[in-house]
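Geometric and topological summary
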Amino acid sequence: AQTVTQSQPEMSVQEAETVTLSCTYDTSENNYYLFWYKQPPSRQMILVIRQEAYKQQNATENRFSVNFQKAAKSFSLKISDSQLGDTAMYFCALHYNNNDMRFGAGTRLTVKP
Amino acid sequence: DTGVSQNPRHKITKRGQNVTFRCDPISEHNRLYWYRQTLGQGPEFLTYFQNEAQLEKSRLLSDRFSAERPKGSFSTLEIQRTEQGDSAMYLCASSLLQNTEAFFGQGTRLTVV
């Protein structure tokens, strides 16, 4: 069974600093995709970054980057130069083949001025 | 295209009543997902469609829940004989191909009183 675990219910960071959100997952599949989604207080989920499991290179999108450790089944999100607008719930998600997307319980990130 | 649209945004109903929600996905997206999200939790998978075919249903989806996607366009989620435990945010998402980005709607918040 697919499971996604986010062990940090809440985190905070000072504006302009760097924060890392953790995610571990479990799957028996070899080909899958991992995502980080952001859900601001307005509650519409927005994709932050995506990683294909077959790619060794870590994905990067502007201030957002991941540390993908396939053997350890770890997929952390690093946010550099944190901005107030980064305050949101962040969900790690796993998706493969003809199956649903499984989400972790989320990490509430607060960026402090 | 304005993205994934869900209606209504809010619904308050009395216990025992039936409710129906609608989701209009992004046009040409062949996959459509329904999720349920309670406060402080990650989205829980309910069901998904590929075109008009319902390919998977979660065990969370009791007999009181039914979903349709006639003609592979919009989808409806009906809950019969609502219970207080059904109170949640119901999210719809669509994607063009499996394993690619899912675009979420703003959700329908259901309150059963």
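Now for a look at the structure at hand. (Residues numbered from 1 in each chain as written. Chains lettered and ligands numbered in written order. Predicted model: local features only at pLDDT ≥ 70, side-chain atom pairs only at ≥ 80, totals over all residues. Heavy atoms only, no water.)

Disulfide: a covalent bond connecting the sulfur atoms of a pair of cysteines. All names here are of chain B. Applying the stated criterion across every chain yields a total of two disulfides over all chains. The partner cysteine of Cys23 in its disulfide is Cys92, sulfur to sulfur 1.9 Å. A torsion of -70 degrees about the S-S bond marks the disulfide between Cys23 and Cys92 as left-handed. Of this pair, Cys23 sits in strand E3 (residues 19-24) while Cys92 is found in strand E9 (residues 88-95), placing the two residues 69 residues apart along the sequence. Residues Cys23 and Cys92 agree in their burial class; the two are buried. (Disulfide = S-S within 2.5 Å. Helix = DSSP H or I, 4+ residues; strand = E, 2+ residues; numbered from the N terminus. Buried < 20%, exposed > 50% of the residue type's maximum accessible area, 1.4 Å probe, protein only.)

Residues and elements named next belong to chain A. Overall, the coordinates contain eight salt bridges over all chains when judged by the stated rule. In this structure, Glu52 engages Lys55 in a salt bridge whose closest nitrogen and oxygen atoms are separated by 3.9 Å. With a relative accessible area of 38%, Lys55 lands in the partly exposed category. Because the salt bridges share partners, they merge into one network encompassing Arg50, Glu52 and Lys55. (Salt bridge = Lys/Arg side-chain N within 4 Å of Asp/Glu carboxyl O.)

Attention shifts here to the packing of aromatic side chains. Residue and element names in this part refer to chain A. Counted under the stated rule, the structure contains 16 aromatic pairs over all chains. Ring plane angle 50 degrees and centroid distance 5.9 Å describe the contact between Tyr37 and Phe103, whose orientation is recorded as tilted. Taken together, the residues Tyr37 in strand E5 (residues 33-39) and Phe103 in strand E11 (residues 101-103) connect sequence positions 66 residues apart. Judged by relative accessible area, Tyr37 falls into the buried class, the value being 0%. (Phe/Tyr/Trp six-rings, centres within 6.5 Å; stacked < 30°, edge-to-face > 60°.)

Counting from both sides, the interface comprises 20 residues of chain A and, opposite them, 23 residues of chain B. Both sides together, the interface formed by chain A and chain B hides about 2,000 Å², and carbon and sulfur atoms give 48% of it. Applying the counting criterion to the chain A and chain B interface returns zero salt bridges. Viewed at the interface, chain B and chain A are joined by four residue pairs in polar contact (both at pLDDT 80 or more). Listed by contribution, the elements that provide at least two residues to the side of chain A that touches chain B are E5, strand E6 (46-52), strand E10 (88-95) and E11 of chain A. (Contact = heavy atoms within 4.5 Å. Buried area = accessible area lost by both parts, 1.4 Å probe. Polar contact = N/O pair within 3.5 Å; in protein donor to acceptor, adjacent residues only side chain to side chain.)

Residues and elements named next belong to chain A. The topology assignment puts Gln8 in the loop between strand E1 (3-5) and strand E2 (10-14). Residue classification places Gln8 among the buried residues on the basis of a relative accessible area of 17%. From its side chain, Gln8 meets the backbone nitrogen of Ser22 in a polar contact 2.7 Å long.

What follows deals with the sheet that holds strand E7 (residues 65-68) of chain B. All names here are of chain B. The strand order across the open sheet built from four strands is E1-E3-E8-E7, with neighbouring strands paired in antiparallel fashion. Unpaired on one side and paired on the other, strand E1 (5-7) and E7 mark the two borders of the sheet. The average angle at which neighbouring strand axes cross in this sheet is 15 degrees, direction not considered. Across four bridges, E7 lies against strand E8 (residues 75-79) in antiparallel orientation. Among the inter-strand pairings, Ala67 is bridged to a residue of E8, identified as Leu77. (Pairing = 2+ DSSP bridges. Axes fitted to C-alpha atoms, helices over the stretch in contact; angles between N-to-C directions.)

Now for the pairing of strand E9 (residues 74-79) of chain A. All names here are of chain A. Alignment of strand E3 (residues 19-21) against E9, held across three bridges, turns out to be antiparallel. Paired with Leu21 across the two strands is Leu77, which belongs to E9. Counting the residues that bridge the hairpin from strand E8 (residues 64-69) to E9 gives four residues, and of these Lys73 lies at a positive phi of roughly 55 degrees.

Our next topic: unusual backbone geometry. Here the residue pair Asn7(B) and Pro8(B) is connected by a cis peptide bond, since its omega of -10 degrees sits within 30 degrees of zero. Mapped onto the elements, Pro8(B) comes out in the loop between E1 and strand E2 (10-13). Positioned with a positive phi, Asn62(A) is a non-glycine residue whose angle comes to about 55 degrees. Within the secondary structure, Asn62(A) sits in the loop between strand E7 (60-61) and E8. Since its relative accessible area comes to 76%, Asn62(A) is described here as exposed. We note that Glu28(B) has phi near 75 degrees; this positive angle belongs to a residue other than glycine. Within the secondary structure, Glu28(B) is located in the loop between E3 and strand E4 (31-37). In this structure Glu28(B) comes out as exposed when scored by relative accessible area, which is 59%.

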